2 protein chains.
Amino acid sequence: MLAKLIIMKYDANQLKITEVQKSKIEEINFDNLVFGEIFTDHMFTCDYEDGTWKNPEIKPYGSIELDPSTKVFHYGQAVFEGMKAYKDDKDQIWLFRPQQNFERINKSGARLAMPEFPKEYFFKGLEELLKLDKEWIKKGFGNSLYIRPFVIATEECVSASPSTKYKFMIICSPAQAYYSGEVRVQFSEKYSRAANGGVGAAKAAGNYAAQFYPTNLAQEAGFQQIIWTDANTHEFLEEAGTMNIFFRIGDKLVTAPTSDRILDGVTRKSVIDLAKDMNIEVEIRRVKVAEIVDAARSGELKEIFGSGTATVINPIVGFGYKNEKFELPKLEDSYGKAFKDTLMKIQYNQAEDKYGWRYQVK
Amino acid sequence: MLAKLIIMKYDANQLKITEVQKSKIEEINFDNLVFGEIFTDHMFTCDYEDGTWKNPEIKPYGSIELDPSTKVFHYGQAVFEGMKAYKDDKDQIWLFRPQQNFERINKSGARLAMPEFPKEYFFKGLEELLKLDKEWIKKGFGNSLYIRPFVIATEECVSASPSTKYKFMIICSPAQAYYSGEVRVQFSEKYSRAANGGVGAAKAAGNYAAQFYPTNLAQEAGFQQIIWTDANTHEFLEEAGTMNIFFRIGDKLVTAPTSDRILDGVTRKSVIDLAKDMNIEVEIRRVKVAEIVDAARSGELKEIFGSGTATVINPIVGFGYKNEKFELPKLEDSYGKAFKDTLMKIQYNQAEDKYGWRYQVK
Ligand SMILES: Cc1ncc(COP(=O)(O)O)c(C=O)c1O
Ligand SMILES: Cc1ncc(COP(=O)(O)O)c(C=O)c1O
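The shown structure was predicted, so the numbers you read here are calculated from the model rather than taken from an experiment.

Quick notes on the rules
- Residues numbered from 1 in each chain as written.
- Chains lettered and ligands numbered in written order.
- Predicted model: local features only at pLDDT ≥ 70, side-chain atom pairs only at ≥ 80, totals over all residues.
- Heavy atoms only, no water.
- Phe/Tyr/Trp six-rings, centres within 6.5 Å; stacked < 30°, edge-to-face > 60°.
- Helix = DSSP H or I, 4+ residues; strand = E, 2+ residues; numbered from the N terminus.
- Buried < 20%, exposed > 50% of the residue type's maximum accessible area, 1.4 Å probe, protein only.
- Lys NZ or Arg CZ within 6 Å of the ring centre and 35° of its normal.
- Near = heavy atom within 4 Å.
- Polar contact = N/O pair within 3.5 Å; in protein donor to acceptor, adjacent residues only side chain to side chain.
- Nonpolar A, V, L, I, M, F, W, Y, C, P; charged D, E, K, R; others polar.
- Salt bridge = Lys/Arg side-chain N within 4 Å of Asp/Glu carboxyl O.
- Areas by Shrake-Rupley, 256 points an atom, 1.4 Å probe, with all protein chains shown as cover.
- Contact = heavy atoms within 4.5 Å.
- Buried area = accessible area lost by both parts, 1.4 Å probe.
- UniProt positions renumbered as here; feature names shortened; annotations may be inferred.
- Bend = angle between axes of the 7 residues up to and from the residue.
- Axes fitted to C-alpha atoms, helices over the stretch in contact; angles between N-to-C directions.
- Parallel < 35°, antiparallel > 145°, perpendicular 65-115°, else oblique.
- Left-handed = near helix turned anticlockwise from the far one by under 90°.

## Section: the packing of aromatic side chains
Counted according to the given criterion, the structure contains 61 aromatic pairs over all chains. Measuring from centroid to centroid gives 4.9 Å for F35 of chain B and Y146 of chain B, while their planes differ by 70 degrees, and the two rings are edge-to-face. With F35 of chain B in the loop between β2 (16-18) and β3 (42-49) and Y146 of chain B in strand β9 (residues 144-153), the pair connects residues that are 111 residues apart, well separated along the chain. Owing to a relative accessible area of 22%, F35 of chain B belongs among the partly exposed residues under this scheme. The buried category is assigned to Y146 of chain B, whose relative accessible area is 6%. Geometrically, the ring pair formed by F122 of chain B and F168 of chain B is edge-to-face, given 6.1 Å between the ring centres and 75 degrees between the ring planes. Of the two residues, F122 of chain B sits in helix α3 (residues 119-132) while F168 of chain B sits in strand β10 (residues 166-175), which places them 46 residues apart along the sequence. With relative accessibility at 0%, the residue F122 of chain B sits in the buried group. Owing to a relative accessible area of 0%, F168 of chain B belongs among the buried residues under this scheme. By way of ring pairs, the aromatic residues F44, Y48, W53, F102, F117, Y121, F122, F123, Y166, F168 and Y359 of chain A are connected into one cluster. The aromatic ring of F30 of chain B is capped on one face by K138 of chain B, whose charged end is 4.5 Å from the ring centroid. The ring of W94 of chain B carries R358 of chain B above its face, with NZ or CZ at 5.3 Å from the centroid.

This is the structure we're talking about:
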């Protein structure tokens with residue numbers, strides 16, 4: 001897959017850039033994208049060895065060769081991030097709060113005993129990559145380029161101890177405005193996502209595989225996703241697999257506090273800030289399953305929605321708990337919809353950005 | 001690294017075998033092996049695609065090429081096993097309860113939504129591999145070949161859902177009788193290894209990375225390992241990072257019951273069986289931290305040891321809890337030592353095997 005190289009240069013930050021000879025963009029049908037399957041022409045890579053990050057490089061997207069003893073295969077020492085680039089009508093490219101993702105990948109890494117990645121490499125690598133692959137970011141509200149920074153442990157040794165070698169990479173996948181269908185969730189009664197004192201607050205690779213089997217069971221029961229409850233009592237609602245969760249009871253929003261079990265979502269914290277502006281009260285506190293079930297019965301539960309980079313705000317139309325199913329009302333004045341519109345307008349440079357959340361790539 | 005091929009044949013089970021042209025065994029210093037760094041000449045691989053396991057193959061040990069979007073890198077969908085092959089004085093090769101490892105890798109896989117691996121492929125692949133690399137199994141009490149079967153998710157897609165493709169592999173690493181030095185453990189007060197309803201009972205890759213950071217902290221405090229406590233209260237002792245744990249109070253052994261948080265160790269269950277034979281009482285029940293601390297103070301705590309394939313039985317000479325350090329007495333009649341001798345004699349075909357635990361490779 002590695003195309004012939006036409007440019008090879010070193011810039012001030014010692015970033016080596018090798019461009020593809022010919023872009024594969026012509027082969028892509030941008031009107032029919034499946035999430036996460038197609039990647040742009042280039043990728044960013046950087047290696048950690050002998051106690052330091054070295055060889056930051058942008059090169060043609062392609063396979064990596066790894067020994068079967070490579071630690072990531074055996075001990076799951078890997079973390080990732082998810083962010084998006086947006087293009088406005090003037091072909092300007094924007095990121096949304098990328099500093100948050102940068103900080104979080106290092107926070108995740110620290111919990112997994114991985115070395116901190118330097119800020120300059122992260123931003124330089126990311127921005128040069130986006131500029132090189134800018135044709136892959138399509139205009140149009142909802143279109144974006146999904147960006148996946150990740151780090152894997154690359155030491156070739158099967159002893160169960162932190163790796164001495166790592167590879168940091170950024171790959172990018174074009175994404176369409178995406179309608180996930182009607183989402184119904186199951187409140188977890190038995191399985192758990194994270195332990196107190198565990199790694200739930202990190203975007204650690206292993207957290208995701210751990211959810212697949214229970215999610216399969218939920219899907220067989222007619223739900224698309226799970227809302228995880230605390231592992232200890234299963235009485236408190238925490239978050240979904242890749243989204244934080246908000247409940248609207250009457251005119252008030254309720255969401256669980258972040259903790260060492262819950263990912264501190266960038267969309268979640270943005271929603272909380274926007275709510276203040278919109279005079280919507282948000283209570284950040286433990287959310288009892290029983291409270292939500294009662295509110296659903298009494299009709300006070302107006303909305304549930306998830307927040308996350310992939311879908312921004314994902315409305316949830318119903319939930320299941322202990323063999324009972326609840327449907328939520330269809331709302332005229334959905335908070336979720338209002339947050340989504342506001343957030344997307346900021347992301348696509350169509351609205352004022354009073355918080356300074358937008359970050360231009362130029 | 002792929003050597004030229006000299007033999008290529010299909011046997012009855014459609015196992016394709018490609019031998020190396022020249023073994024690299026001459027280059028290895030078997031008197032100075034670091035655990036898990038050197039691998040034998042061959043490896044076993046098998047791929048899952050289109051709903052079925054296909055192409056079981058033994059070939060020269062070497063790198064694999066993977067797309068950066070491969071799911072194992074992002075979502076930690078990977079499980080493994082650890083087992084050993086032993087050589088007796090007549091050059092016969094033995095495994096110890098391999099059926100247990102086979103069953104456990106599928107149990108781990110099921111929890112991570114991975115497809116079951118067929119028994120015939122597992123045993124045929126493993127045995128042919130061991131026969132091909134038999135020179136790597138060195139005679140001598142304590143020498144062995146560490147065997148690492150593992151499965152990784154290989155679908156090339158970053159959406160957070162179970163992979164549709166997998167690779168099963170077996171790699172083998174020669175291991176020496178191994179003295180781990182004096183092991184002191186810390187009882188965990190804050191961090192946790194596993195949640196109720198989580199994946200602690202599976203040999204899931206992500207469980208191991210999650211332990212690295214707390215273990216680093218324990219090491220800085222002068223301990224080699226952690227004994228994990230329950231995530232909920234931290235009042236009950238569960239297991240160590242790669243060992244189950246036994247406590248001897250007076251003449252009685254106590255060990256935690258297996259659960260969805262604790263790995264069902266093969267060595268653990270063998271020790272429990274042997275104890276019965278040796279008229280040692282074993283209580284399988286929750287073990288309170290407070291009970292062990294009290295027993296240490298009163299002098300009733302005689303021994304702590306870990307059980308696991310890597311070291312068989314690992315004596316623990318002291319422990320720390322809440323800024324207090326406790327040292328254990330040096331014993332003449334150590335249970336741990338007795339179990340280790342008995343187990344190893346069975347493993348090396350030097351003692352009667354009344355349980356039928358030995359499995360000959362021929
Ligand atoms: C477990 C989990 N919770 C929540 C989120 C939402 O976080 P963010 O809004 O930063 O995308 C994600 C996804 O990124 C996640 O993986
Ligand atoms: C978490 C954990 N506990 C216990 C063990 C011991 O199990 P076994 O005796 O089967 O090697 C292992 C290692 O294999 C392990 O990884």
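## Looking at the site of ligand 2
Residue and element names in this part refer to chain B. Close to ligand 2 lie 16 residues; K203, Y208, E239, T267 and T309 are nearest. Residue V266 places a main-chain N or O atom 2.7 Å away from an oxygen atom belonging to ligand 2. Residues that form the shell around ligand 2 fall into these classes: 4 nonpolar, 8 polar and 4 charged.

## Quick word on the pattern of salt bridges
All names here are of chain A. All chains considered together, the criterion is met by 47 salt bridges over all chains. Across the pair E283 and K252 runs a salt bridge whose closest N-O atoms are separated by 3.1 Å. You can see E283 sitting in strand β16 (residues 282-284) and its partner K252 sitting in strand β15 (residues 252-255), a full 31 residues away along the chain. Among the residues examined, E283 registers a relative accessible area of 22% and is labelled partly exposed. Its salt-bridge partner being K337, residue D341 comes within 3.2 Å of it at the nearest N-O pair.

## Overview of the site of ligand 1
Residues and elements named next belong to chain A. In the vicinity of ligand 1, 16 residues are found, and the nearest of them are K203, Y208, E239, T267 and T309. Within the contact set of ligand 1, an oxygen atom lies 2.9 Å away from a side-chain nitrogen or oxygen of R104. With respect to ligand 1, the side chain of K203 contributes an N or O atom lying 2.5 Å from an oxygen atom. The fraction of the free accessible surface of ligand 1 (390 Å²) that becomes covered by protein chains is 97%. Going through the elements one at a time, α5 (266-277) and β18 (301-308) are the ones with two or more residues in the shell around ligand 1. Looking at the shell around ligand 1 residue by residue, the classes come out as 4 nonpolar, 8 polar and 4 charged.

## Side note on the interface of chain A and chain B
Residue-level contacts link 60 residues of chain A with 60 residues of chain B. For the chain A and chain B pair, buried surface summed over both sides reaches about 4700 Å², with 64% attributable to carbon and sulfur atoms. Where chain A packs against chain B, one counts 0 salt bridges. Run the count over chain A and chain B and you get 21 residue pairs in polar contact (both at pLDDT 80 or more). Listed by contribution, the elements that provide at least two residues to the side of chain A that touches chain B are β5 (64-66), α1 (71-75), β6 (78-80), α2 (98-111), β9 (144-153), β10 (166-175) and α4 (205-220) of chain A.

## Quick word on the UniProt feature "modified residue: N6-(pyridoxal phosphate)lysine" (unreviewed entry) in chain A
Residue and element names in this part refer to chain A. According to UniProt, the "modified residue: N6-(pyridoxal phosphate)lysine" (unreviewed entry) feature falls on K203. Tracing the chain through its elements places K203 in the loop between β11 (183-187) and α4. K203 gets classed as buried once you look at its relative accessible area, which sits at 11%. Leave out the neighbours within four places in its chain, and K203 touches A78, V79, F80, E81, G82, R104, S108, Y208 and L263.

## Some details on α4 of chain A
Residues and elements named next belong to chain A. When the local axis directions of α4 are compared, the greatest deviation, roughly 35 degrees, occurs at Y213, which is followed within four positions by the proline P214. What α4 keeps buried is the set A205, G206, N207, Y208, A209, A210, Q211, F212, P214, T215 and A218. Positive phi appears at G222, one or two residues downstream of α4, with a value of about 95 degrees.

## Regarding the packing of helix α2 (residues 98-111) of chain B against α3 of chain B
The geometry of a pair of packed helices is captured by two quantities: the angle between their axes and the separation between those axes. Residues and elements named next belong to chain B. Packing of α2 against α3 leaves a shortest axis separation of 11 Å and a crossing angle of 130 degrees. If you check the angle between α2 and α3, you find them oblique. Viewed along their axes, α2 and α3 form a crossing whose handedness is right-handed. Only K119, F122 and F123 of α3 make contact with α2, whose side of the interface consists of P98, Q99, F102 and I105. Class assignment for the residues of the contact of α2 with α3 results in 5 nonpolar, 1 polar and 1 charged.

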